[in-house]
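For reference, the chains in residue letters:
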Amino acid sequence: MTRNSVGQTLVLALPTAITLLALLSGTLSLYASLQSLEAVNPEPHRLTAALLIMAALILDGLDGNVARLLKAESTLGGELDTFVDLTAFGIAPALLIYGFASGFPESLRIGLGCLLIASGAYRLARFKTVDPYRGQRGYLGLPITVCAAMTALFQVLAIQAPAAWGQLKVDPASGPVASLFLGFVALLALLQVSHFHFPKPSKSPYFFLPGLILVFLLFTPWPALAAGCALAGLLFGLLYVGLSPLLPRPPPARE
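Every residue gets a number counted from 1 within its own chain, in the order that chain's sequence is written. Given that the model is predicted, a residue must reach a pLDDT of at least 70 before its local features are reported, and side-chain atom pairs must reach 80 or more before they are shown or counted; all residues, however, enter totals for whole chains, interfaces and linings. Just so you know, side-chain values use all the structure's heavy atoms and leave hydrogens and water out.

A. How the structure looks around the packing of aromatic side chains. Only Phe, Tyr and Trp rings take part, Trp by its six-membered ring, and two of them pair if their centres are within 6.5 Å. Stacked means planes under 30 degrees apart, edge-to-face means over 60, and tilted covers everything else. A full pass over the atoms with the stated rule returns 3 aromatic pairs. The interplanar angle of 5° and the centroid separation of 3.9 Å between the aromatic rings of Phe154 and Phe181 together place this pair among those described as stacked. Of this pair, Phe154 sits in helix α5 (residues 144–160) while Phe181 sits in helix α6 (residues 176–192), and the two are 27 residues apart along the sequence. The pair formed by Phe154 and Phe181 is uniform in burial state, with each residue classed as buried. The interplanar angle of 35° and the centroid separation of 5.8 Å between the aromatic rings of Phe198 and Tyr240 together place this pair among those described as tilted. Within this pair, whereas Phe198 is found in strand β2 (residues 197–198), its partner Tyr240 is found in helix α8 (residues 223–243), the two being separated by 42 residues in sequence. Both residues of the pair, Phe198 and Tyr240, belong to the buried class. A network of ring pairs unites the aromatic residues Phe100, Phe154 and Phe181 as a single cluster. Over the ring of Tyr98 we find Arg109; its NZ or CZ atom is 4.5 Å from the centre of that ring. Strands are runs of DSSP state E lasting at least two residues, helices are runs of H or I lasting at least four, and both sets are numbered from the N terminus onward. Residue exposure (1.4 Å probe, protein chains only): buried if accessible area is under 20% of the type maximum, exposed if over 50%, otherwise partly exposed. Any Lys NZ or Arg CZ that is within 6 Å of a ring centre and within 35 degrees of that ring's normal is treated as a charge sitting over the ring.

Right under this line is the structure:
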């Protein structure tokens, strides 16, 4: 095998490597959430779990862009992506909610988690079997990444927001804000299996690059800045969920 062929093989394997990193990030988020259930101070573990979900989100968007750039799209990568989605954006946020919504009945937290996972699994299966454009013209039903991102951002905001922010320093464990958010998560789970059409923001650099910067800033050592970015992400998520179904669906690409 020549150097050129070895180099080409490594380049073509890059998107798959990024996909596997996204899967590992989602898996590590699960471990962090489990650690929070036994910790005296669970907040650092929950913050880690939330940030790992966001890291998986960026890696999941990056692998597709890299694959298109390198002309390295493959069926294998698409199949791996499904496992990433269910792990990092279905199971991981469900377990995170179970941990931080500790003031609510356990049956409610388990039920909401099961709804989220079942909805996400059905959404992913339908995506592979029903949508012939595989998301290139947008999505049938809310992308599973949206609910996962909003769950993680809600946790980052709750932990990192300074007390001086007043009501923006939310209590995720109980209270009216937490109740409203859990109800919103249930709505998002239903939207995932709906027939509303949503655009694919990760395909556009005008959305993906600012989102990438926003997520990087969540890891900053300055809590107020991280909380501000989390709040901005939540507001963008609300706009995406509320306005996207009203936008016209783009025509199919010409062969």
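B. Layout of the packing of α5 against α8. All axes here are fitted lines through C-alpha atoms, helices being fitted over the stretch that makes contact, and every angle between N-to-C directions spans 0 to 180 degrees. Packing of α5 against α8 brings their axes to within 8 Å, and their N-to-C directions diverge by 150°. α8 is crossed by α5, and the crossing has left-handed handedness. Taking contact as the criterion, the partners of Val146, Met150, Leu153, Phe154, Val156, Leu157 and Gln160 in α5 are, on α8, Pro223, Ala224, Ala226, Ala227, Ala230, Leu231, Gly233, Leu234, Gly237, Leu238, Tyr240 and Val241. Left-handed describes a crossing whose near helix is turned anticlockwise from the far helix through less than a right angle; right-handed describes the clockwise counterpart. By definition, residues are in contact when any of their heavy atoms lie within 4.5 Å.

C. Structural view of the environment of Leu52. Tracing the chain through its elements places Leu52 in helix α2 (residues 43–70). Residues Leu52 and Ala152, 100 residues apart in the sequence, show an inter-C-alpha distance of 8.8 Å. Those residues in contact with Leu52 that lie beyond four places of it in its chain are Ser25, Leu28 and Ser29.

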